[in-house]
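# Architecture and fold: a report
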Amino acid sequence: MNEPILARHWLAHVTPKAAPAVATSTVLILGRIWNANGAEHSTGNAALIVVLAAGAAAAGTCAAGRLGDSVIAGTGFAASGGLALAGVAGYADGLSLPLLLWALATAVAYGLAARYWRTDRRDTTAHERRTTERREDHAHIERVEALRAGAQIEVARSGAAYAEQLATALITRAALPGFDPKALTNAGLPVIDTTKED
């Protein structure tokens, strides 16, 4: 009935909250590395990133429209946005435009993630409530059954004690002088056999 209490490490709490910032920062860093390696003002590299971003957006739209799968659609749109951010970070001259897009992408990522975190928190809270209610119901049933069993044990004990006292009283009464078992039989009580077998 008792379950062990598990305390999650602080990193387990922080890691999901840091994931959107880590993802957008990684894309920005990789875009700037790509910029330093010759992507700046390269028409071929810009065309490649536009095609990749458009393909990811098209895949997300297709998944949302035809399949109705929100996970695949979200992944496609996130990939499209990441590729667009990487393209701007790789193609742009300065750092101000990539940083602006990074801040915007991070804010959007946190906005979308917050919705899923709220849903997850609601589901977790509902599950914990149901578990607590189920435990309380089981604990109540156990208490009632324990009380019932205790009452039955007490009734059995008192019945055994009463039978023992009655037997002692009958034996004592039979040993008294002037005891007449026929008077008991005439009164409608069961006959006590006082003869002993040797």
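Before any of the text, the structure's been laid out above.
Each value, and the rule that gives it
Residues numbered from 1 in each chain as written. Predicted model: local features only at pLDDT ≥ 70, side-chain atom pairs only at ≥ 80, totals over all residues. Heavy atoms only, no water. 1 Å grid on protein atoms, 1.4 Å probe; cavity = no way out; pocket = protein on both sides within 12 Å on 5 of 7 lines; lining within 4 Å. Points joined across faces, edges and corners; volume = space filled by probe spheres on them. Helix = DSSP H or I, 4+ residues; strand = E, 2+ residues; numbered from the N terminus. Nonpolar A, V, L, I, M, F, W, Y, C, P; charged D, E, K, R; others polar. Expected span 1.5 Å × (residues − 1). Buried < 20%, exposed > 50% of the residue type's maximum accessible area, 1.4 Å probe, protein only. Bend = angle between axes of the 7 residues up to and from the residue.

## Points about the layout of surface pockets
In this model, the largest pocket occupies a volume close to 800 Å³. Around the largest pocket, the lining is made up of 27 residues, and of these G74, A78, V108, A109 and L112 lie nearest the centre. When residues of the lining of the largest pocket are traced back to their parent elements, those giving at least two are α1 (10-39), α3 (70-91) and α4 (96-175). Tallied by class, residues from the lining of the largest pocket come to 20 nonpolar, six polar and one charged. In terms of lining residues, the second largest pocket is bounded by R8, A12, H13, P16, K17, W117, D120, R121 and T124. For the lining of the second largest pocket, the secondary-structure elements that each account for two or more residues are α1 and α4. In terms of residue class, the lining of the second largest pocket is made up of three nonpolar, two polar and four charged.

## Here's the deal with α4
When the terminal C-alpha atoms of α4 are compared, their 115 Å separation across 80 residues agrees well with the 118 Å that a helix rising 1.5 Å per residue should span. What α4 keeps buried is the set P98, T106, A113, T131 and A139.

## Concerning the environment of G55
When you line up the elements, G55 lands in helix α2 (residues 43-67). Of the residues examined, G55 reaches a relative accessible area of 39% and is grouped as partly exposed. Here the alpha-carbon distance between G55 and A79, two residues 24 residues apart in the chain, equals 9.5 Å.

## Description of α1
The largest bend along α1 reaches roughly 45 degrees and is located at A18, with the proline P20 sitting one to four residues downstream. Of all the residues in α1, the buried ones are P20, T24, L28, G31, N35 and A39. H41, located one to two residues past α1, shows a positive phi value of around 60 degrees.

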